Amino acid sequence: MEAQEYIANVTSSSSAKFEAALTWILSSNKDVGIWLKGEDQSELVTTVDKVVCLESARPRMGVGCRLSRALLTAVTNVLIFFWCLAFLWGLLILLKYRWRKLEEEEQAMYEMVKKIIDVVQDHYVDWEQDMERYPYVGILHVRDTLIPPQSRRRMKRVWDRAVEFLASNESRIQTESHRVAGEDMLVWRWTKPSSFSDSER
């Protein structure tokens, strides 16, 4: 009503022309720079009787207002850019940390494999010299020998990967199940490389 009265005072137009103009804006597909708003700003207005206010798409602003809006837009864009840059930088640091941890775990796994091979081989040599009762050694016994109690939870993943690596890639060590002290347990046995006599060659 305020807009209608203002336009009527400025242009001496009737209210009928004002409503006709609103009807044309609603039905027109052209962008005339005026938006018709209802009570609910999120809903699209379809009839004139639901229009409660007019909004200009291209308001007239002073130089100071335009400069302040432009400055606000520029500062906002710069902040968004730096936030994105900081996020990507943090993501890169996280990925580098993850890669380094994986490399350290891989190296620790290979070192554990080497230690296991040495223990199993030494045990077999001791057995050949009648220093050990059995030619095999329990897997858990090897773990307890190589890893102190306070480190077993932290080293569990490295140990499991080393055991899996040996089962898949080490032919000199066989995994067997034996009854030791009345309990079934998994053991490792050192397997000497096959040798052939001259006649067999």
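Small disclaimer: the values here were computed from a predicted structure and weren't measured.

Definitions and limits used
Residues numbered from 1 in each chain as written. Predicted model: local features only at pLDDT ≥ 70, side-chain atom pairs only at ≥ 80, totals over all residues. Heavy atoms only, no water. Helix = DSSP H or I, 4+ residues; strand = E, 2+ residues; numbered from the N terminus. Rg over C-alpha atoms; globule rule 2.2 N^0.38 Å. Contact = heavy atoms within 4.5 Å. Areas by Shrake-Rupley, 256 points an atom, 1.4 Å probe, with all protein chains shown as cover. Lys, Arg positive; Asp, Glu negative; His and termini not counted. Charge placed at Lys NZ, Arg CZ, Asp CG, Glu CD. Domains from an automatic or database assignment. Patch = residues over 30% accessible without salt bridge, like charges linked within 9 Å, V, L, I, M, F, W, Y side chains within 5 Å. Salt bridge = Lys/Arg side-chain N within 4 Å of Asp/Glu carboxyl O. Buried < 20%, exposed > 50% of the residue type's maximum accessible area, 1.4 Å probe, protein only. UniProt positions renumbered as here; feature names shortened; annotations may be inferred. Phe/Tyr/Trp six-rings, centres within 6.5 Å; stacked < 30°, edge-to-face > 60°. Pairing = 2+ DSSP bridges. pLDDT = per-residue confidence, 0-100. Axes fitted to C-alpha atoms, helices over the stretch in contact; angles between N-to-C directions. Parallel < 35°, antiparallel > 145°, perpendicular 65-115°, else oblique. Left-handed = near helix turned anticlockwise from the far one by under 90°. Nonpolar A, V, L, I, M, F, W, Y, C, P; charged D, E, K, R; others polar.

Student: In this structure, what is going on with the overall build of the chain? I would like to understand it.
Tutor: Looking only at helices and strands, the chain has five helices and five strands in total. Moving toward the C terminus, one meets the helices and strands of the chain in the order α-α-β-β-α-β-α-α-β-β. Against the compact-globule benchmark of 17 Å for 201 residues, the chain has a radius of gyration of 41 Å, which places it well outside the compact range. Its C-alpha atoms put the chain at 120 × 45 × 35 Å along the principal axes. For the chain, restricting intrachain contacts to residue pairs at least 6 apart in sequence, the fraction spanning at least 24 positions comes to 44%. Within the structure as shown, the chain displays about 15900 Å² of accessible surface, and the carbon and sulfur contribution to it stands at 56%. Positive and negative charge centroids in the chain, built from 27 and 29 side chains respectively, lie 6 Å apart.

Student: Got a minute to help me understand the domain arrangement of the chain in this structure?
Tutor: Often, the extent of an interface is quoted as the loss of accessible area upon association of its parts. Assigned domains within the chain: domain 1 (1–56) and domain 2 (105–190). Computed from C-alpha coordinates alone, the two centres of domain 1 and domain 2 are separated by 85 Å.

Student: Can you help me understand a nonpolar patch on the surface in this one?
Tutor: On the surface, F87, L88, L91, L94, L95, Y97, W99 and L102 cluster together into a nonpolar patch covering about 810 Å² of accessible area. With respect to the helices and strands, F87 occurs in helix α3 (residues 63–128). F87 sits in the exposed class, given a relative accessible area of 57%.

Student: What's the story with the UniProt feature "transmembrane region" (unreviewed entry) in the chain in this structure? I'm lost.
Tutor: In this numbering, the UniProt entry assigns the feature "transmembrane region" (unreviewed entry) to residues 70–95. Annotated as residues 70–95, this span is 100% helix and 0% strand, and its ends, taken at the C-alpha atoms, are 37 Å apart.

Student: Would you mind showing me how to read the packing of aromatic side chains here?
Tutor: Geometrically, a pair of aromatic rings is defined through the distance of the ring centres and the angle of the planes. Counted by the stated rule, this structure contains five aromatic pairs. Consider the rings of F81 and F82, whose centres lie 5.5 Å apart with planes at 70°: the pair is edge-to-face. A relative accessible area of 51% places F81 in the exposed class. Both rings, one in W159 and one in W188, keep their centres 5.9 Å apart while their planes meet at 55°; by these two values the pair is tilted. Of this pair, W159 sits in helix α5 (residues 156–169) while W188 is found in strand β5 (residues 183–190), placing the two residues 29 residues apart along the sequence. Taking relative accessible area as the criterion, W188 reaches 2% and is therefore assigned buried.

Student: Is there a simple way to think about the pairing of strand β4 (residues 173–180) in this case?
Tutor: Within a regular beta strand, the side chains point alternately toward one face of the sheet and then the other, so they alternate between its two faces. In terms of strand pairing, β4 meets β5 through eight bridges, oriented antiparallel. Considered in β5, the bridge of V180 is made with E183. The turn linking β4 back onto β5 is made up of two residues, and A181 within it adopts a positive phi angle of 55°.

Student: I keep staring at the confidence of the model for the chain and nothing clicks. Help me out?
Tutor: Low-pLDDT stretches of the model should not have their predicted coordinates read in fine detail. Here the chain averages 85 in pLDDT, and 95% of its residues register 70 or above. Taken together, the stretch residues 194–201 has pLDDT below 50 and engages in two contacts with residues farther than four places along the chain or on a different chain.

Student: How should I be thinking about the packing of α3 against α5 in this particular structure?
Tutor: Where α3 meets α5, the axes come as close as 9 Å, and the angle between the chain directions of the two elements is 60°. On the basis of their axis angle, the class for α3 and α5 is oblique. Relative to α5, the crossing made by α3 is right-handed. On α5, the residues touching E105, E106, A108, M109, Y110, M112, V113, I116 and I117 of α3 are R157, V158, W159, R161, A162, F165 and L166. In the contact of α3 with α5, the residues fall into twelve nonpolar, no polar and four charged.

Student: I tried to follow the sheet that holds strand β3 (residues 136–138) on my own but got confused; where do I start?
Tutor: Either a parallel or an antiparallel arrangement is found when strands of a sheet pair, and the pairing is made through backbone hydrogen bonds. Sheet architecture is open: three strands sit in the order β3-β5-β4, paired in antiparallel fashion. Two strands in the sheet have a free side with no partner beyond their single neighbour: β3 and β4. This sheet shows a mean twist of 40° between the axes of neighbouring strands, independent of strand direction. Relative to the sheet, helix α4 (residues 139–146) contacts β3, β4 and β5, its axis offset from that of β3 by approximately 70°.

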